[in-house]
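Here's the letter readout for the chains.
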Amino acid sequence: MKVVLIGDAARQQAVLAPLIPGVEIATLPREATASAEFDSQIAPDDVVVSIRLKRPDGAPPFALLHVPGAGLDGIDLAALQPGCRVCNVFEHEIPIAEYVLHAMLSWEIRPDAMRFTASGWGEAHRNRKPHGELAGKTLGIIGFGRIGRAIAERARAFGMRIATLDRSIGQYAALVDERVPPRELRKLLGLSDYVALACPLSESTRGLIGAAELAAMKPSGVLINVSRAEIVAEELLYRALADGGIGGAILDVWYRYPGGAGDDPEPSAFPFLDLPNVVATPHSSAWTTALPGRRYRVIAENIRRLIAGEPLLNQVWPEAQAASRKQAS
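Residues numbered from 1 in each chain as written. Predicted model: local features only at pLDDT ≥ 70, side-chain atom pairs only at ≥ 80, totals over all residues. Heavy atoms only, no water.

**Things to note about the overall build of the chain**
Assigned secondary structure in the chain consists of 10 helices and 13 strands. Computed over the C-alpha atoms, the radius of gyration of the chain is 22 Å, within 12% of the 20 Å expected from 2.2 N^0.38 for a compact globule of 329 residues. Principal-axis analysis of the C-alpha atoms places the extent of the chain at approximately 70 × 45 × 35 Å. Considering only intrachain contacts with a sequence separation of at least 6, the fraction spanning at least 24 residues in the chain is 57%. Once the 35 positive and 37 negative side-chain charges of the chain are each reduced to a mean point, those two points are 6 Å apart. (Helix = DSSP H or I, 4+ residues; strand = E, 2+ residues; numbered from the N terminus. Rg over C-alpha atoms; globule rule 2.2 N^0.38 Å. Contact = heavy atoms within 4.5 Å. Lys, Arg positive; Asp, Glu negative; His and termini not counted. Charge placed at Lys NZ, Arg CZ, Asp CG, Glu CD.)

The structure is reproduced here in structure tokens:
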């Protein structure tokens, strides 16, 4: 057995190698996620680590596909051979939650606008403007998994009220001040000063935030998307921001991504980055110095478990297998 790192995952070889001594590691270029050109370098008992796998003609047989992230929207599960298992990793809820809190604090306090030079101290002091507070504001969180809960825990420490859809609370009701029935999404949007999107992208969430939903938000409301861009209708969001329908947006996820070295697409078909009420970051909310170590420790543990014949962590495919293991534990 060997571990095959494909595309971006190959950059993490230095992190993974010390965690799996004695296990061979091979790397393949990003093209291997979509082309059969490199299939001969993957054996049936190998572990493949890749964030993407789109193979119209089917992938070669291998034992485990380990996604080095949480989202599975880059994986074509139908392309996998029978017997192949799929696991993912999380560990990103800490930095993403900190990003969201930082974004809201910066929106309220605007530190850049408050700076002054020593020579202008008197004028700056006389003309200082009040800034906002997070305390007492309502944060609506759509998606109450690991990320949503981590955001709620930190926001409550700042005195914010937490609202979310009732179906996503589960055993974590103590973190939430207001529970809104799923069919009343627009009510949640209307009572929130900030709306954080933390739900996965699926056919049920694609385009979840459209014209009616944006219109339901407060005119001062701020949309924070740390999930997937496609959850929000692209053009409708741009129009709502450009026309002042909502107060602003903090966007860390985008509608277009580079496909490889030298590829430099626009992040959207619309000039979001030109709008004064948009804070744009390049999908970096989770990308901290500590994240790769945490994630690859989970991957290393699953490699050990696979070799030992033990149940795997975070198995998401086949679903029935994963569910039976969960019930048995």
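**Describing the packing of helix 2 (residues 93–109) against helix 5 (residues 146–157)**
Running from N to C, helix 2 and helix 5 point in directions that differ by 45 degrees, and their axes come no closer than 8 Å. The orientation of helix 2 with respect to helix 5, classified from their angle, is oblique. Both helix 2 and helix 5 take part in a crossing whose hand is right-handed. From helix 2, Glu93, Ile94, Ile96, Ala97, Glu98, Val100 and Leu101 reach across to helix 5, where they touch Arg146, Ile147, Ala150, Ile151, Arg154 and Ala155. (Axes fitted to C-alpha atoms, helices over the stretch in contact; angles between N-to-C directions. Parallel < 35°, antiparallel > 145°, perpendicular 65-115°, else oblique. Left-handed = near helix turned anticlockwise from the far one by under 90°.)

**With respect to the confidence of the model for the chain**
Per-chain confidence: the chain averages 93 in pLDDT, with 97% of residues scoring 70 or above. The low-confidence segment residues 320–329, where pLDDT is below 50, has six contacts with residues more than four positions distant or belonging to other chains. (pLDDT = per-residue confidence, 0-100.)

**A short note on the pattern of salt bridges**
In this structure the tally under the stated criterion is 17 salt bridges. Across the salt bridge formed by Glu91 and Arg294, the nearest N and O atoms sit 3.8 Å from each other. With Glu91 in the loop between strand 5 (85–87) and helix 2 and Arg294 in helix 9 (residues 291–308), the pair connects residues that are 203 residues apart, well separated along the chain. Of the charged contacts in the structure, one is a salt bridge between Glu213 and Arg186, with a shortest N-O distance of 3.4 Å. Separated by 27 residues along the polypeptide, Glu213 in helix 7 (residues 211–216) and Arg186 in helix 6 (residues 185–191) bring together distant segments of the chain. According to the relative accessible area criterion, Glu213 is buried, its value standing at 13%. Connected via shared salt-bridge partners are Glu301, Arg304, Arg305 and Glu310. (Salt bridge = Lys/Arg side-chain N within 4 Å of Asp/Glu carboxyl O. Buried < 20%, exposed > 50% of the residue type's maximum accessible area, 1.4 Å probe, protein only.)

**Some words on helix 5**
The terminal C-alpha atoms of helix 5, which comprises 12 residues, lie 17 Å apart, in line with the 16 Å expected from a rise of 1.5 Å per residue. Residues of helix 5 that are buried include every one of Ile147, Gly148, Arg149, Ala150, Ile151, Ala152 and Ala155, and no others. Packing partners of the buried residues in helix 5 comprise helix 2, strand 6 (138–142), strand 7 (161–165) and strand 9 (194–197). Phi turns positive, to about 80 degrees, at Gly159, one or two residues after helix 5. (Expected span 1.5 Å × (residues − 1).)

**Some remarks on the side chain of Asn225**
Note that Asn225 resides in strand 10 (residues 222–225). A distance of 3.0 Å separates the side chain of Asn225 from the backbone nitrogen of Ser227, its partner in a polar contact. (Polar contact = N/O pair within 3.5 Å; in protein donor to acceptor, adjacent residues only side chain to side chain.)

**Remarks on the state of the cysteines**
Following the criterion strictly, the structure yields zero disulfides and no others. Looking at the unpaired Cys87, the closest cysteine sulfur is the one in Cys84, lying at 9.5 Å. (Disulfide = S-S within 2.5 Å.)

**Describing the pairing of strand 6**
Within strand 6, five of the five residues are buried, which leaves the element mostly enclosed by the surrounding structure. Along strand 6, one buried face is formed by Thr138, Gly140 and Ile142 and the opposite face, lined by Leu139 and Ile141, is buried too. With four bridges connecting them, strand 6 and strand 7 associate as parallel partners. Opposite Ile141, over in strand 7, you have Thr164 as the bridge partner. As for the winding sense of the linkage, the β-α-β connection from strand 6 through helix 5 to strand 7 is right-handed. Sheet topology note: the strand 6/strand 9 ladder contains four bridges and is parallel. Of the residues in strand 9, the one forming a bridge with Gly140 is Val195. (Pairing = 2+ DSSP bridges. Right-handed = clockwise from strand over helix to strand, strands pointing away.)

**Some remarks on the nonpolar core**
The biggest cluster of nonpolar side chains holds 33 residues, and the ones touching the most others in it are Ile142, Leu197, Ile209, Leu237, Leu241 and Phe272. For this core, the secondary-structure elements that each account for two or more residues are strand 7, helix 6, strand 9, helix 8 (234–242) and strand 11 (248–251). If we ignore the near neighbours within four places in the chain, the residues touching Phe272 are Glu234, Leu237, Tyr238, Leu241, Leu251, Trp254, Tyr255 and Val278. (Core = buried A, V, L, I, M, F, W, Y, C linked by side-chain atoms within 4.5 Å.)

**Quick look at the sheet that holds strand 8 (residues 178–180)**
Taken together, the seven strands give an open sheet; going across it, the order is 8-7-6-9-10-11-12, and neighbouring strands pair in parallel fashion. The two strands at the open ends of the sheet, each matched to only one other strand, are strand 8 and strand 12 (278–280). When the angles between neighbouring strand axes are averaged without regard to direction, this sheet yields 15 degrees. Each of strand 6, strand 9, strand 10, strand 11 and strand 12 is contacted by helix 2, which is oriented at about 150 degrees to strand 11, the strand it contacts most.

**Let's talk about helix 2**
Because each turn of an α-helix spans 3.6 residues, side chains separated by three or four positions end up pointing in the same direction. Here helix 2 is 17 residues long and its end C-alpha atoms lie 24 Å apart, about the 24 Å a rise of 1.5 Å per residue gives. Three or more residues of helix 2 are buried, namely Glu93, Pro95, Ile96, Ala97, Tyr99, Val100, Leu101, Ala103, Met104, Trp107 and Glu108. Just beyond helix 2, the residue with positive phi is Arg110, at close to 50 degrees.

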